[in-house]
Amino acid sequence: MTAFRFLFGNYITLTNIDEREIDRIIEMRISPINISVHTMNPTLRCKMMHNRFAGDALRFVRKLAEHNIKLNCQIVLCPGLNDGEELEFTLSEMYALGESLQSVACVPVGVTRYREGLYPLETFNKDTARAAIEILERWGDKFKAERGSRTVFPSDEFYLIAKRELPPYEFYEDFPQIENGVGMLRDLEEEFSWAVEDEPERDIKRRVTIPTGEGVYAFMEHVMDFAREKFPGLEINLVPVHNDFFGGTVNVTGLLTGRDLVNRLSRENLGDAILLAPSMLMADEDIFLDDMTVQQLSEKLGVPAYRMHKDAAGELKDILGTAE
């Protein structure tokens, strides 16, 4: 049962699990199971995953559903492969799974510049992202009307690419797929605004620099305005950083490297401190993906740099300089 170690919180493809193990999951009532589905078309799934067993493994999805094992599913959407009519087919097959289907997150494929010899994937643009959102929201409406829960959710990144306003906070219900970037920005906005409201208004003489991915820059400017408006004298220098290390199509904060931060921030008035999103750094160490440390970043830029807290209240205290 070595495959069972992947069943607790991680997304699995079911390609390394056999019938006996599926029966064991059902017998032990291990639920929910998180599955990277990508498509319910067996032939296309084999192609996308470059695995000849990937299509046959879809029968395990149906078997788990038939035995009332709750399923959280992920679809990494690739333009020209599993979007459009293929996405419609996948969602119709998922609808047929019934009440066992707990949630579906759809995220756009990320493409780095390190793709020599790999399948020539395209990335989403404004029009293709809007088309995907239309399909996903329509199916979400169907689930909501007929089963009481939206179930199907586009990730925040789709709305950013499409240059469409994010749905309201209530759209995300109980945020079942927040770890996949579904509703993460709305949740941050809500929590940060409450954190600002809880802090007493006062004059803050402080300037901080916060680097961020290009994709979320505009939204994060809006969020930081909550603090700017309440604390006179507080300067929050939010800086969008182009990702040269992985390539310009990668624009999320969590994949920025120390090297790119040094190149971009060396042109800025950094103020009192550089504040870093935890997603940029290793879970247990203050090290970026290119092995630069936070201490090295501080030395190169001549300003102290700190990892921010993960929660909004802690993040605000980092910005105000009152964190313990």
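How each quantity is defined
Residues numbered from 1 in each chain as written. Predicted model: local features only at pLDDT ≥ 70, side-chain atom pairs only at ≥ 80, totals over all residues. Heavy atoms only, no water. Phe/Tyr/Trp six-rings, centres within 6.5 Å; stacked < 30°, edge-to-face > 60°. Helix = DSSP H or I, 4+ residues; strand = E, 2+ residues; numbered from the N terminus. Buried < 20%, exposed > 50% of the residue type's maximum accessible area, 1.4 Å probe, protein only. Lys NZ or Arg CZ within 6 Å of the ring centre and 35° of its normal. Contact = heavy atoms within 4.5 Å. Salt bridge = Lys/Arg side-chain N within 4 Å of Asp/Glu carboxyl O.

**Q** Any details on the packing of aromatic side chains? Residues and values, ideally.
**A** Counting across every chain of the model gives nine aromatic pairs. Here the aromatic rings of Tyr-95 and Trp-139 are separated by 6.2 Å at their centres, their planes lie at 55°, and the arrangement is tilted. Here Tyr-95 is found in helix α4 (residues 84–95), whereas its partner Trp-139 is found in helix α5 (residues 126–147), with 44 residues between them in sequence. Trp-139 matches Tyr-95 in its accessibility class, with the two residues each being buried. Aromatic side chains Phe-153 and Phe-171 sit 6.0 Å apart centroid to centroid with 80° between the ring planes, which places their arrangement in the edge-to-face category. Here Phe-153 is found in strand β4 (residues 152–154), whereas its partner Phe-171 is found in the loop between α6 (156–162) and α7 (184–198), with 18 residues between them in sequence. Judged by relative accessible area, Phe-153 falls into the buried class, the value being 1%. Counting every residue linked through ring pairs, the aromatic cluster contains Phe-153, Tyr-169, Phe-171, Tyr-172 and Phe-175. Above the plane of the ring of Tyr-95 lies Lys-142, whose end atom (NZ or CZ) is 4.8 Å from the centre. Here Arg-147 stacks its cationic end above the ring of Tyr-95, 3.7 Å away from the centre of that ring.

**Q** Tell me what's going on with helix α3 (residues 58–66), and back it up with residues and numbers.
**A** Regarding α3, the residues found buried are Leu-58, Phe-60, Val-61, Lys-63, Leu-64 and Ala-65. Lining the buried residues of α3 we find α1 (19–28), β1 (33–36), α2 (42–49) and β2 (71–77). In the segment just after α3, Asn-68 is the residue with positive phi, at about 60°.

**Q** So what's going on with the pattern of salt bridges? Which residues, and what values?
**A** Overall, the coordinates contain 22 salt bridges when judged by the stated rule. When the shortest N-O distance is used, the salt bridge between Asp-23 and Lys-63 registers 2.6 Å. Here the residue Asp-23 occupies a position in helix α1, and Lys-63 occupies one in helix α3, the gap between them amounting to 40 residues. The exposure class of Asp-23 is partly exposed, given its relative accessible area of 35%. Put simply, Asp-286 and Arg-307 hold a salt bridge, and the shortest N to O gap is 2.9 Å. Here Asp-286, found in the loop between β7 (273–276) and α10 (294–301), pairs with Arg-307, found in strand β8 (residues 305–307); they are 21 residues apart in sequence, far enough to count as distant. Ionic contacts of the salt-bridge type, sharing partners, join the residues Glu-19, Asp-23, Asp-56, Arg-59 and Lys-63 into one network.

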